[in-house]
Structure formats: structure tokens, C-alpha cells
Amino acid sequence: MLDNIRWLIPSKKDTLPCGEEREIVVSSRIRVARNLDAIPFDIKMKPTDAEHLISVVRSVIEKKVDGKFLDLQAMKPLEKESLLECHLVSPGFVKKGKPASVFISKGGNISVMINEEDHLRFQGIGCGLNLVNLSSEVFNIEEFVGDNVDYAFNENYGYLSSCPTNIGTGMRASVFMHLPGLVFTNEVEKVLKGALQIGMAVRGIYGEGSEIRGSLFQISNQHTIGFKEESLLERITKLSNMIIDIEKKARDVILNKARNEFEDKIFRSLAILRAARTISSGEVLNLLSALRFGVGVGIIKDITLDTLNEIMVVSRPANIQLHSGEMLEEQERDIKRAEYIRKRLGDKV
Amino acid sequence: MLCDDCKNKPASIFFKEVLPDKTVELHLCEECASKRGLLVTKKLSPVEILHKLLKQQSAQDERVICPRCYMSLAEFKRVGRFGCSQCVATFDEHIKSLIKQIHQSDRHVGRKSTPGTKKGLEVYKLREELKKALEREAYEDAAKIRDKLKGYGIEDA
């Protein structure tokens, strides 16, 4: 049971391709939407069209990239939820009623959703600030597919999408940042408002409408037409670097003014994570935030960011069940989660 | 420096406007800048703009119909999604300003699609033909179609 996607759950061995400023930038993501010219779009698509699309694209991708195709309709709800928690598929995708499939590369950092709202959604995810490298990986596979099928393209509007909000480049680049310094110094609203003014969207880590928790923020472009892909990536990288600088200064201010108070908060968080016998995923997210801050500023030296990233993904409700290899009720999940975290951080109690 | 308008709060926004005959310089606090409309406090997201614009309907919308998927402009405005790659060209004059308002641009300058050899369309059509050939048990035709598909790298037909 559950072996279908268990290989996706990160283990100590696995690390995603990494970029810079990892103590502040948790991960970067790029998504590119494409549709095939010959096949009706989502809303007018028949199930037979959807099946054709899967088989055409599958035969092309299999020639190029090592990985696995997962059939959405054959997946258990828990497995779908887990893919969502790993950020490999979108919330809209797991709710699809028609034939749909997702390709996941061997390393787990590239995925292609077939029959999301658009025929194809190529996606790349990596840790740290890494947009440029990620984009070349994503466009590499997008181009290969494009050599074999005709994308819906219009000279004026560029790549055509199901929804007008994705037309043009079809590209959305996101940077997930951990900004406790800005949260504590009450500067976060001002900085993020600035991002909104220049056409960026700011959200919680699980996309549109998701709550902002654990001082984690997602910055992404709102507009998809009227610029070259490279210049957009440059703009988001530049903006991210500006926010990183402000965050670093805020962290210095905090440590200069209230080092004892913050050291206390960090070590108490570590103590809870190392000792708890039952813990919710929400509490983990908040405690990890303090811990990440401690690792980032060098107060905690024996824990790596890789370990924290792994705990953040594995301790989500569906992933912890896959990690344990069994389906669990909420209370049992909280116990298994606490057990797993104690093991990863070294049980000291 | 205090705000030029309220003379009370510290100025955090520096505004400079160059007019033909003079230059206006203002030092304002966030609140007063907002009152003058110099700060957009709540910007609508592209999705919010789309929903707002789609409400602008006209009686003629039912008569503008995509020749390929038969989606009418009225239907597009109801669902906010295109039905096929032909819809955009069909609704062009009606959606130009919509796209511009959503994205502040209506001109693609990014990557271009490799000139089409219509492989996607061909493969799709061939698969349809193959299905029909198999339905009428015309196996010779089916074999020929399979060979063509192999030429496109499709081995599993």
C-alpha cells in the first residue's frame, strides 16, 4: 500500500538542486503553462481528448526524461494530498474529474501536470534562490515536447492558455521566503506592499488563498505577458535580493536588541521538537520557523537547513502517513510526527 | 521631515512630478499620500480584474462564435475560460482591452513557438483515424496508420 508515491517522500539522501541565500529563501519554483493547438482546451475537452493528450505527451516525455507517470484517477486521496504537500501538483489538479496524469522526474524536482486547467503545466522546484537554473531545466523539457507537438500560439498574445490570466509566456516564478526578522520588526507589511506595487503577488506557502504561517511568504509574478522570460526572472531575483538584505538587517537589529530573548525562543522551540510526544503540523511549522532562524543566524550549529526542509515536508498530514507506511487518524498522526521529529533532531529527553 | 499635508506625521514618501511649466515636490506620510491617490492601497489581482471585466456583457455576445469549438463570447464571459486555440483570434477585438487591463500589456515579447509542422495535430488525427479503422476492422489501413504514427515516434498506438 502507498508504494506508488512513497519514493517521493524526501529522505536524508535526497537533496533538491540548490541555489543561494538558503537561510532565507526556502525554495524557488517555476511553472510554465502550455496547450496543444489541435486539442480543445479544458472546458471543451471530452474524456477521449484528455486520454489522447496523455498518451501523446507521455510518449514524447518518456523518450527524454527519466521519471514516473502517475495516473490521477488511480491514485488514493492520501497520495494526491501528498503530491500537493510536496508542491508537485496544484490544488486544482487533484480535484480534476477527467483523465489526468502527472509526470515526476527521477530527482523529484521537475513535474509535468497533464490536463490541469491547461493541457500541460511544466514545473520545477529547487531550494534556495535558484530561478535561472530552474528555468533552464523546465524550458529544456518544454522545448523537447514542443519539438514533437504544436503548442497553441498566437503572434500577438504568445502562448495561449485556458484562462486569460496566464496568456503570453504562461510562466509564473515563485520564491518562498522565511522572513521572521521582518515579522518581528513589523516591517513585513511595508516590504510586501512594495512588492504588490510592482506587480508581484504575495501569498502563504500553499498558494492562492492559503494562510501565511511560520513567517513563510511566497512572492510571484502576477502578469504573464509583455516581458521576456529572462527579464522577469531577473526582476524577481532582484526583488528577492532586496528583501533578503532588509531581512538580514532586521535579524541584526533583533539580535543586537534582544539576543537573550531570541536565543531563549529558539532553544525552547528546539527543546519542544526534541521532546514532544504528540504534535500538530501547525505547531511544527511555527517551531521550525524559530529553529530556521536559529540555524540561519548561527545560534544553532548542529542542525542543517536540509534537515529542516525535510522535516517541513515530511511532517505534513499526508506525508507523515506515507512516511510511516500506514493510514493514520489525526491523533495517531500527531504521535508519529513527534516520533519522527525526535528521531531526526536527536532525542535528548 | 514632517508631512507637507498634515504637518504632523513624519514624511516617508517623496513625490516629484515634472510638469511643462513647473516641478512639484511633495514629502508626505503614507496616510496623506494615500488620500491624494498617490498610493494604491489595495491593488486588484489579475483574477479579480478578470471577473470584474467579464461582467460587462452585451446583447451581441451570443452572436460571436468560435468556428472551431463553438464557444460564444457570451459563454466565454460566463466561464472566463477559452474553449480552444481558435477562441482568442475569434474574440480578439473584444478581449484586447481585457488582456491589457489584466496584464498592463497585450503584446507578447517572450519566447516563440518553434514554427509548426503540425505534428501534434497530425498525431491526433492519425489516432482518430486508427480508432475508426479498428472499429470497422480495416486492419490493413490500421497497419498503415500505425506506420505513420511510428514516424512521429509514437510506438504504443
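Residues numbered from 1 in each chain as written. Chains lettered and ligands numbered in written order. Predicted model: local features only at pLDDT ≥ 70, side-chain atom pairs only at ≥ 80, totals over all residues.

A count of helices and strands for chain A gives twelve helices and ten strands. In summary, chain A has a C-alpha radius of gyration of 21 Å against a globular reference of 20 Å for 349 residues, a match within 12%. Projecting the C-alpha coordinates of chain A onto the three principal axes gives extents of approximately 65 × 45 × 30 Å. In chain A, buried positions account for 52% of the 349 residues. In chain A, once contacts between residues fewer than 6 apart in sequence are set aside, the share between residues at least 24 apart is 72%. (Helix = DSSP H or I, 4+ residues; strand = E, 2+ residues; numbered from the N terminus. Rg over C-alpha atoms; globule rule 2.2 N^0.38 Å. Buried ≥ 20, exposed ≤ 12 C-beta atoms within 10 Å, placed from the backbone. Contact = placed C-beta atoms within 7 Å.)

Residue pairs spaced three or four apart in an α-helix point in one direction, given the helix's 3.6 residues per turn. Counted at 1.5 Å a residue, the expected span for helix H8 (residues 229-275) of chain A with its 47 residues is 69 Å, but the 47 Å between its end C-alpha atoms falls short. Residue Ala258(A) marks the point of greatest curvature in H8(A), where the axis turns by about 105°. (Expected span 1.5 Å × (residues − 1). Bend = angle between axes of the 7 residues up to and from the residue.)

Unusually for a residue other than glycine, His87(A) sits at a positive phi of about 60°. Structurally, the position occupied by His87(A) is in the loop between helix H3 (77-85) and helix H4 (91-94). The partly exposed category is assigned to His87(A), around which 18 C-beta atoms lie within 10 Å. Unusually for a residue other than glycine, Lys7(B) sits at a positive phi of about 50°. Relative to the helices and strands, Lys7(B) resides in the segment before strand S1 (13-18).

Moving on, we get to the packing of H8(A) against helix H9 (residues 281-296) of chain A. All names here are of chain A. Contact pair H8 / H9: the axes reach a minimum separation of 8 Å and the direction vectors enclose 125°. Judged by the inter-axis angle, H8 sits oblique to H9. As H8 packs across H9, the resulting crossing turns out to be left-handed. From H8, Lys265, Ile266, Ser269, Leu270, Ile272 and Leu273 reach across to H9, where they touch Leu287, Ala290, Leu291, Phe293 and Gly294. In terms of residue class, the contact of H8 with H9 is made up of eight nonpolar, two polar and one charged. (Axes fitted to C-alpha atoms, helices over the stretch in contact; angles between N-to-C directions. Parallel < 35°, antiparallel > 145°, perpendicular 65-115°, else oblique. Left-handed = near helix turned anticlockwise from the far one by under 90°. Nonpolar A, V, L, I, M, F, W, Y, C, P; charged D, E, K, R; others polar.)

Let us now look at the pairing of strand S1 (residues 25-34) of chain A. All names here are of chain A. For S1, the buried fraction is high: ten of the ten residues fall into the buried class. Pairing analysis gives seven bridges linking S1 to strand S8 (residues 171-178), with the strands arranged antiparallel. Across the sheet, residue Ser28 finds its bridge partner in S8, namely Val175. Bridge count for S1 against strand S5 (residues 120-127) is eight bridges, and the pairing is antiparallel. Bridged to Ser27 within S5 is Cys127. (Pairing = 2+ DSSP bridges.)

Next up on the list: the domain arrangement of chain A. Residues and elements named next belong to chain A. Structurally, chain A comprises domain 1 (15-249) and domain 2 (259-345). The centre of domain 1, based on its C-alpha atoms, is set 27 Å off from the matching centre of domain 2. With 16 residues of domain 1 in contact, the opposing surface of domain 2 contributes 19 residues. For the side of domain 1 that touches domain 2, the leading source of residues is H3, giving four residues. (Domains from an automatic or database assignment.)

Another point: the confidence of the model for chain B. Here chain B shows a mean pLDDT of 83. Residues at 70 or above account for 85%. As a predicted assembly, this complex carries a pTM of 0.82 together with an ipTM value of 0.88. (pLDDT = per-residue confidence, 0-100.)

Here we take up the interface of chain B and chain A. Facing the 43 residues of chain B at the interface are 46 residues of chain A. Secondary-structure elements contributing two or more residues to the side of chain B that touches chain A are helix H2 (46-54), helix H4 (87-90), helix H5 (92-103) and helix H6 (119-135) of chain B. For the side of chain B that touches chain A, the element with the highest residue contribution is H6(B), accounting for six residues. A class-by-class count of the residues in the side of chain B that touches chain A yields 20 nonpolar, 14 polar and nine charged.

This paragraph deals with the sheet that holds S8(A). Residue and element names in this part refer to chain A. Strand order in this open sheet of eight strands is S2-S3-S4-S5-S1-S8-S10-S9, and the pairing throughout is antiparallel. The open sheet is flanked by strand S2 (67-71) and strand S9 (200-203), the only strands paired with a single partner. Mean inter-strand twist for the sheet, computed between neighbouring axes without regard to direction, equals 20°. Pairing between S2 and strand S3 (residues 101-105): five bridges, direction antiparallel.

Predicted confidence across chain A gives a mean pLDDT of 89, with 91% of residues reaching 70 or more. Low pLDDT (under 50) marks residues 207-211 of chain A, which in the prediction has six contacts with non-local residues, meaning those over four places away or in another chain.

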